[in-house]
Amino acid sequence: DSVYKSLAGVDVWDAERDALTWSGGTSIVAHPPCRAWGKFAMFAKPRDGESDLAVWAIDQIRAWGGVLEHPAQSRLWAAKGLPEPGTRDRWGGWTLPVFQHWWGHRAQKATRLYVCGCNPADIPPMPMRLGTADYVIGDSGRAANGTKRPEISKAEREQTPLEFAQWLVELARRCSIDNPQPAVGNTGT
């Protein structure tokens with residue numbers, strides 16, 4: 001039930017279509033499952049091979065261009081040597097930290113984007129909302145300033161705001177690799 005399925009001109013490869021069978025050829029927006037890489041991965045019960053989807057997505061982005069979206073505290077950055085904000089990796093990839101509430105999420109939802117094939121100066125205009133969101137994810141920030149904010153549901157926690165999805169698609173469309181090489185297996189870090 002991805003919000004991307006509602007966008008015109010977007011070809012969605014999900015679990016049903018088996019994203020691993022995608023043959024490449026265009027830049028992508030990748031949203032691999034994060035529970036195996038998240039802050040509470042030790043409590044997660046990912047399906048067999050689920051954590052490998054994020055590694056595969058990185059390979060595709062490095063080969064064809066695009067953007068990967070993952071939680072701000074994802075362990076994927078350390079495990080795969082993804083660049084910290086302000087630096088680039090050998091593929092020209094870079095990291096952009098954002099808050100999804102800038103695009104309408106009810107919680108702040110701190111997020112990291114790994115981008116290849118687009119310079120920071122060439123990204124689409126970004127909205128920015130100052131202050132904190134009205135809701136929280138889990139207990140994060142629940143009593144940070146002495147007041148309690150309500151928690152969003154698990155389902156809402158996993159949703160991507162339509163405006164953010166549209167922005168990510170536009171970002172991916174601006175990404176291109178000069179000499180694309182099909183990704184074969186794990187290209188490493």
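Above this note sits the structure.
Residues numbered from 1 in each chain as written. Predicted model: local features only at pLDDT ≥ 70, side-chain atom pairs only at ≥ 80, totals over all residues. Heavy atoms only, no water.

Trainee: Even after reading the chapter, I still don't get the environment of Leu96, so can you show me in this structure?
Mentor: If you trace the backbone, Leu96 turns up in strand S3 (residues 94-99). Judged by its relative accessible area of 14%, Leu96 is buried. For the pair Leu96 and Gly86, spaced 10 residues apart in the sequence, the C-alpha separation amounts to 8.5 Å. Dropping the residues within four chain positions of it, Leu96 is found in contact with Thr111, Arg112, Leu113, Ile123, Met126 and Trp167. (Helix = DSSP H or I, 4+ residues; strand = E, 2+ residues; numbered from the N terminus. Buried < 20%, exposed > 50% of the residue type's maximum accessible area, 1.4 Å probe, protein only. Contact = heavy atoms within 4.5 Å.)

Trainee: Would you explain the packing of aromatic side chains in this entry?
Mentor: Each aromatic ring pair is specified by the distance between its two centres and by the angle formed by the two planes. Across all of its chains, the model carries six aromatic pairs by this definition. When the ring of Trp102 is compared with that of Trp103, the centres are 6.0 Å apart and the planes differ by 45°; the resulting orientation is tilted. Judged by relative accessible area, which is 4%, Trp103 ranks as buried. Here the aromatic cluster, defined as three or more aromatic residues joined through ring pairs, consists of Phe99, Trp102, Trp103, Phe164 and Trp167. Positioned over the ring face of Trp91 is Arg62, at 3.7 Å from the centre of the ring. Positioned over the ring face of Tyr135 is Arg106, at 3.9 Å from the centre of the ring. (Phe/Tyr/Trp six-rings, centres within 6.5 Å; stacked < 30°, edge-to-face > 60°. Lys NZ or Arg CZ within 6 Å of the ring centre and 35° of its normal.)

Trainee: How should I be thinking about the pairing of strand S2 (residues 66-71) in this particular structure?
Mentor: Consecutive residues of a regular strand have side chains that alternate between opposite faces of the sheet. Of all six residues that make up S2, five are buried, and the element is covered over most of its length. Relative to S2, strand S1 (residues 28-30) runs parallel, the two sharing three bridges. The partner of Val29 across the bridge, within S2, is Val67. Bridge analysis of S2 against strand S4 (residues 110-116) gives six bridges, and the strand direction is antiparallel. Across the sheet, the residue bridging to Leu68 is Tyr114, located in S4. (Pairing = 2+ DSSP bridges.)

Read these as layout, nothing more, since geometry by itself doesn't imply function.
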